[in-house]
Amino acid sequence: MNFVRSLTKMSKYTGKNLATLSEVEIKQWIDSFDTVLTDCDGVIWVDNNPLPGAPEVVNKFIENGKKLFFVTNNSTKTRPEFVEKAVRLGFNVTIDNIISTAYLAAQYLKNVGFSKTVYTIGSTGITKELDAVGIRHIGVGPDTLRDTLADTVADFIPDPDVGAVIVGFDEHFSFVKMMKAASYLNLPGVIFLATNTDERFPMPDRVIPGTGAIVNAVLTSAERKPIVMGKPNPHICEIIRKQYNVDPARTLMIGDRCNTDILLGKNCDFQTLLVETGIHKATDIEQYAASDDPETKKLVPDVYLAKLGDLLPFM
């Protein structure tokens, strides 16, 4: 049995440390995939700083002929804005290398022939993608109580043309926005999309609530579940497989979150690599691997590394 096939069988749900393999074995592993999907923040950069060796590894993948895509749950930027940031940080990518949840949401509506107005909880990252496909939108920006709640409710006149609600990350999220979204979603036929359900953005001394907190507030009041665009949901698997013509068995998903990036890989039958430069670490992998719950075991990557840059000597 060749090594790559052996590694695939042995490492599934076991979280093998890639650094413990020989140079030959690591190179064989690299040769086992043709397509690379990678998360961004926590994997290749943190905020506006590239992680050590990450640009060089990504550029080597592209130089060596592998298809490469940044797959991000961040809905606050358009694809051109992601490209601008990536190039500034040293990554040799173009718009064709970017798959974002704002883009996916706009493409979803375009593909179903949507021709009405979208009520948007989110940012211009979403609305610019809607603009790109010619879809009208309302809702972005601050929207707070005026005088009393009763006055605000009385002043709200629903737009009769709204046929969809998109919920993404919104630093201006408010009770008023939740009320309006739930009111639109109370109407039959209104489409409910969420960019992603990431719970939070942890910092050393505080927690920034993520899009998932906003989505859950809306779905609770609307009493409806959304179609979720981002990782780890199956919708993105179909987009990647069909639109980009990838072979799941020869595709690698790289991430720093087990419950989004790695689970996406498992849901899509991709190979998976966790790097410890973001949310989850080797200790989390050990905990998931020890679980008797099959769903928890899905959070275990095939292999893991301290950082993506550690692959550079083998490329």
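This section reports on the structure supplied with the text. (Residues numbered from 1 in each chain as written. Predicted model: local features only at pLDDT ≥ 70, side-chain atom pairs only at ≥ 80, totals over all residues. Heavy atoms only, no water.)

1. Points about the overall build of the protein
Point 1. Summing up its helical and strand segments, the protein has 13 helices and 16 strands in all.
Point 2. Taken over the C-alpha atoms alone, the protein extends approximately 70 × 40 × 35 Å along its principal axes.
Point 3. Residue burial in the protein is summarised as follows: out of 315 residues, 51% are buried.
Point 4. About 14,300 Å² of surface is accessible on the protein, with carbon and sulfur atoms providing 52% of the total.
Point 5. Once the 33 positive and 39 negative side-chain charges of the protein are each reduced to a mean point, those two points are 4 Å apart. (Helix = DSSP H or I, 4+ residues; strand = E, 2+ residues; numbered from the N terminus. Buried < 20%, exposed > 50% of the residue type's maximum accessible area, 1.4 Å probe, protein only. Areas by Shrake-Rupley, 256 points an atom, 1.4 Å probe, with all protein chains shown as cover. Lys, Arg positive; Asp, Glu negative; His and termini not counted. Charge placed at Lys NZ, Arg CZ, Asp CG, Glu CD.)

2. Comments concerning the sheet that holds strand E13 (residues 227-228)
Point 1. Spatial ordering of the open sheet is given by E8-E7-E9-E10-E13, a layout of five strands whose pairing is parallel. Edge strands, defined here as strands with exactly one partner in the open sheet, are strand E8 (136-138) and E13.
Point 2. Where strand E9 (residues 162-167) lies against strand E10 (residues 191-194), four bridges are found, and the strand directions are parallel. Within E10, the residue paired with Ile 166 across the bridge is Leu 193.
Point 3. Against the sheet, helix H5 (residues 101-111) engages strand E7 (117-121), E9, E10 and E13, with an angle of about 155° to E10. (Pairing = 2+ DSSP bridges. Contact = heavy atoms within 4.5 Å. Axes fitted to C-alpha atoms, helices over the stretch in contact; angles between N-to-C directions.)

3. So, helix H8 (residues 175-185)
Point 1. With eight of its eleven residues buried, H8 lies for the most part within the structure.
Point 2. For H8, every residue scored as buried is listed here: Val 176, Lys 177, Met 179, Lys 180, Ala 181, Ala 182, Tyr 184 and Leu 185.

4. Here we look at the environment of Val 87
Point 1. Position of Val 87 among the secondary structure elements: in helix H4 (residues 79-88).
Point 2. In this structure, the C-alpha to C-alpha distance between Val 87 and Gln 243, residues 156 residues apart in sequence, is 24 Å.

5. Here we look at the environment of Glu 223
Point 1. Inspection of the secondary structure puts Glu 223 in the loop between helix H9 (211-222) and E13.
Point 2. Once the C-alpha coordinates of Glu 223 and Gly 15 are considered, the two residues, 208 residues apart in sequence, prove to be 38 Å apart.

6. Some details on helix H12 (residues 282-289)
Point 1. Within the span of H12, buried status applies to Ala 282, Asp 284, Ile 285 and Tyr 288. When H12 is viewed along its axis, its buried side chains cluster within an angular range of 155° and face the same direction. The exposed set on the far side of H12, more than 90 degrees from its buried face, consists of Thr 283, Glu 286 and Gln 287.
Point 2. Residues of H12 that are buried sit in contact with helix H11 (258-268), strand E15 (271-275), helix H13 (294-297) and strand E16 (303-305). (Arc of directions from axis to C-beta.)

7. Considering the sheet that holds E15
Strands in a sheet are paired, the pairing made by backbone hydrogen bonds, and the direction either parallel or antiparallel.
Point 1. Across the sheet, seven strands lie side by side as E1-E16-E15-E14-E2-E5-E6; this open sheet has parallel pairing. Every interior strand has two partners, whereas the edge strands, strand E1 (16-17) and strand E6 (98-100), have only one.
Point 2. Sheet analysis places strand E14 (residues 251-255) next to E15, joined by four bridges and oriented parallel. By the bridge assignment for E15, Met 253 is matched with Thr 272.
Point 3. Against the sheet, helix H3 (residues 54-63) touches strand E2 (35-38), strand E5 (67-72) and E14, its axis set at about 135° to E5.

8. Side note on the environment of Glu 171
Point 1. Following the sequence through the fold, Glu 171 ends up in the loop between E9 and H8.
Point 2. Sequence separation between Glu 171 and Ala 182 is eleven residues, and the spatial gap between their C-alpha atoms is 18 Å.

9. Section: the pattern of salt bridges
Two side chains bearing opposite charge may form a pair once their charged atoms approach each other closely.
Point 1. Per the counting criterion, the structure on display carries 18 salt bridges.
Point 2. Across the pair Asp 261 and Lys 231 runs a salt bridge, and its minimum N-O distance is 2.7 Å. Taken together, the positions of Asp 261 in helix H11 and Lys 231 in the loop between E13 and helix H10 (234-244) put the pair 30 residues apart, joining distant regions of the chain.
Point 3. A residue is classified by how much of its surface remains accessible, and Lys 231, at 1% relative accessible area, is buried.
Point 4. Close ionic contact of Lys 307 with Asp 310 constitutes a salt bridge, the shortest N to O distance being 2.7 Å. (Salt bridge = Lys/Arg side-chain N within 4 Å of Asp/Glu carboxyl O.)

10. A look at the nonpolar core
Point 1. By size, the foremost hydrophobic cluster in this structure holds 33 residues, and its most contacted members are Ile 44, Phe 70, Phe 91, Leu 273, Leu 308 and Leu 311.
Point 2. Of all the secondary structure elements, the ones that give two or more residues to this core are helix H2 (23-30), H3, E5, H4, E14, E15 and E16.
Point 3. Sorting elements by how many residues they give to this core places H3 first, with four residues.
Point 4. If we skip the residues at most four places from it in the chain, Leu 308 touches Val 43, Ile 44, Ala 54, Val 57, Val 58, Ile 254, Leu 273 and Val 275.
Point 5. Residues Leu 37, Tyr 103, Leu 109 and Leu 130 belong to the second largest nonpolar core, which totals 29 residues. (Core = buried A, V, L, I, M, F, W, Y, C linked by side-chain atoms within 4.5 Å.)

11. Observations regarding the packing of aromatic side chains
Point 1. Scanning the model with the defined rule gives eight aromatic pairs in all.
Point 2. Where Phe 33 meets Phe 61, the ring centres are 6.0 Å apart and the plane angle is 70°; that geometry is what we call edge-to-face. Here the residue Phe 33 occupies a position in the loop between H2 and E2, and Phe 61 occupies one in helix H3, the gap between them amounting to 28 residues.
Point 3. Every member of this aromatic cluster is reached through a ring pair, and the members are Trp 29, Phe 33 and Phe 61.
Point 4. Lying across the ring of Tyr 103, Arg 79 places its NZ or CZ 3.8 Å from the centre. (Phe/Tyr/Trp six-rings, centres within 6.5 Å; stacked < 30°, edge-to-face > 60°. Lys NZ or Arg CZ within 6 Å of the ring centre and 35° of its normal.)

Read these as spatial facts, not as claims about activity.
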